[in-house]
Amino acid sequence: MYPLIISLVGLLLIVMIGYNIIQQYKQKAETERRISVSKQHATITEVDELLLFSTKIPFSKALLLILKNRIRNALYIMINISPTTASYREHFADTEAQIKQIKENYVAPSLSSLQVPPNDKDALALVQATKKIRAVLRSEHAKQKINTDLFVSENQQLEMMQLKINIEISIKRINDAKNQKQYNTARQMTDKILKILSNIPHKDNDLENKQALLENVKTEVSSYLTSEQNAAMDNQQQNKKEDSKKKDLERLFADKQKW
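Residues numbered from 1 in each chain as written. Predicted model: local features only at pLDDT ≥ 70, side-chain atom pairs only at ≥ 80, totals over all residues. Heavy atoms only, no water.

Caption draft 1: Quick peek at the overall build of the chain. Scanning the chain from N- to C-terminus turns up 7 helices and 0 strands. Reading the chain from its N end, one meets helices and strands in the order α-α-α-α-α-α-α. Counting across all 259 residues of the chain, residues that qualify as buried make up 28%. For the chain, contacts bridging at least 24 residues in sequence account for 71% of all contacts bridging at least 6. Counting only carbon and sulfur atoms, one obtains 54% of the accessible surface of the chain, whose full area is about 17700 Å². (Helix = DSSP H or I, 4+ residues; strand = E, 2+ residues; numbered from the N terminus. Buried < 20%, exposed > 50% of the residue type's maximum accessible area, 1.4 Å probe, protein only. Contact = heavy atoms within 4.5 Å. Areas by Shrake-Rupley, 256 points an atom, 1.4 Å probe, with all protein chains shown as cover.)

Written out as structure tokens, the structure is:
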């Protein structure tokens with residue numbers, strides 16, 4: 001009797017341990033599933049936020065397809081993880097339709113259509129957006145989702161846009177410094193941008209125009225600085241003359257006191 005009871009207790013313990021192991025495995029699998037889905041959600045949200053800048057940054061057709069395919073791939077992973085979730089399948093179908101529409105009808109705007117906002121905050125937001133898009137390109141290239149030639153081409157275009165936005169922001173700040181008569185600051189910023197432009201081998205018309213504009217600003221600011229230096233030297237010489245006259249008078253009256 002006792003051996004039977006002991007056997008039943010042992011069997012019960014084995015069943016309980018097995019049940020706990022299965023539950024732990026299920027919990028671990030569910031946690032990993034949620035983490036993976038959350039990661040894909042974050043990818044989709046990031047790309048959606050970058051796509052909002054398509055009205056301000058001239059996206060090429062290739063770049064737009066890269067971003068849309070990134071969303072598509074994330075949704076594909078989510079469907080495999082949660083095949084019964086209807087919203088994932090609907091989003092996937094919508095994205096596929098958008099990709100088809102882009103391939104057939106999208107006409108990329110010219111790079112010259114880039115308009116930098118006059119507000120510093122908005123302009124810096126564009127710079128941050130271009131940096132994030134370039135990071136996405138590097139990620140897709142590392143995953144071999146895009147070939148090297150396409151990566152280099154798109155990255156160079158984004159780098160050029162980033163440079164143009166930074167130049168526009170710098171020109172605004174140079175003008176602000178001039179208006180506040182901070183000519184040394186304006187000169188330093190102008191020299192910095194001109195050095196960057198001089199190192200670009202193949203500049204488009206926009207950059208050529210910016211370089212010419214900054215050369216004129218440099219001449220103007222240098223003229224102001226020279227005038228200030230001359231005025232300071234004149235003041236210094238005038239002060240020396242006045243000091244000399246004062247000393248002569250002091251010596252003259254000192255001699256009279258001896259009389």
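Caption draft 2: Up close: the packing of helix α2 (residues 61–81) against helix α3 (residues 86–105). Two elements in contact, α2 and α3, have axes separated by 9 Å at closest approach and are oriented at 160°. On the basis of their axis angle, the class for α2 and α3 is roughly antiparallel. Crossing of α2 against α3: the hand is left-handed. Contacts between α2 and α3 involve Lys61, Leu64, Leu65, Lys68, Asn69, Ile71, Arg72, Leu75, Tyr76, Met78 and Ile79 from the first element and Tyr88, Arg89, His91, Phe92, Thr95, Glu96, Gln98, Ile99, Ile102 and Lys103 from the second. Its residues placed into classes, the contact of α2 with α3 shows 11 nonpolar, 4 polar and 6 charged. (Axes fitted to C-alpha atoms, helices over the stretch in contact; angles between N-to-C directions. Parallel < 35°, antiparallel > 145°, perpendicular 65-115°, else oblique. Left-handed = near helix turned anticlockwise from the far one by under 90°. Nonpolar A, V, L, I, M, F, W, Y, C, P; charged D, E, K, R; others polar.)

Caption draft 3: Region of the structure containing the packing of aromatic side chains. Summed over all chains, the structure comprises 2 aromatic pairs. Relative to Phe92, the ring of Tyr76 has its centre 6.5 Å away and its plane inclined at 40°; by these criteria the two rings are tilted. Taken together, the residues span a long stretch of sequence, with Tyr76 in helix α2 and Phe92 in helix α3 at a distance of 16 residues. Of the residues examined, Tyr76 reaches a relative accessible area of 46% and is grouped as partly exposed. For Phe92, a relative accessible area of 15% corresponds to the buried category. Between Tyr183 and Tyr224 the ring centres are 4.5 Å apart and the planes differ by 10°, which places this aromatic pair in the stacked class. Note that Tyr183 is positioned in helix α6 (residues 183–198) and Tyr224 in helix α7 (residues 205–258), a separation of 41 residues in sequence. (Phe/Tyr/Trp six-rings, centres within 6.5 Å; stacked < 30°, edge-to-face > 60°.)

Caption draft 4: Spotlight on the packing of α2 against helix α5 (residues 148–179). Here α2 crosses α5 at 105°, and the two axes come no closer than 10 Å. Comparing their axes, α5 and α2 come out roughly perpendicular. Contacts between α2 and α5 pair Ala62, Leu63 and Ile66 from the former with Leu150, Glu154 and Leu158 from the latter. Tallied by class, the residues present in the contact of α2 with α5 amount to 5 nonpolar, no polar and 1 charged.

Caption draft 5: Structural context of a nonpolar patch on the surface. A contiguous nonpolar surface patch, about 400 Å² in accessible area, is contributed by Leu13, Met16, Ile17 and Ile21. Position of Leu13 among the secondary structure elements: in helix α1 (residues 2–51). (Patch = residues over 30% accessible without salt bridge, like charges linked within 9 Å, V, L, I, M, F, W, Y side chains within 5 Å. Salt bridge = Lys/Arg side-chain N within 4 Å of Asp/Glu carboxyl O.)

Caption draft 6: Molecular detail of α2. When the terminal C-alpha atoms of α2 are compared, their 30 Å separation across 21 residues agrees well with the 30 Å that a helix rising 1.5 Å per residue should span. All of the buried residues in α2 are Leu63, Leu64, Leu65, Ile66, Leu67, Lys68, Arg70, Ile71, Ala74, Leu75, Met78 and Ile79. (Expected span 1.5 Å × (residues − 1).)

Caption draft 7: Molecular detail of the environment of Ile133. Along the chain, the position of Ile133 falls in helix α4 (residues 120–142). For the pair Ile133 and Glu154, spaced 21 residues apart in sequence, the C-alpha separation works out to 9.9 Å. Ignoring sequence-local partners within four residues, the contact set of Ile133 consists of Leu50, Phe59, Leu63 and Leu158.

Caption draft 8: Main features of the environment of Leu158. With respect to the helices, strands and loops of the structure, Leu158 is situated in helix α5. Here Leu158 falls in the buried class, since its relative accessible area comes to 1%. Taking C-alpha positions, Leu158 is 9.9 Å from Leu63, a pair spaced 95 residues apart along the chain. Excluding its chain neighbours within four sequence positions, the residues that come into contact with Leu158 are Leu63, Thr130, Ile133, Arg134 and Leu137.

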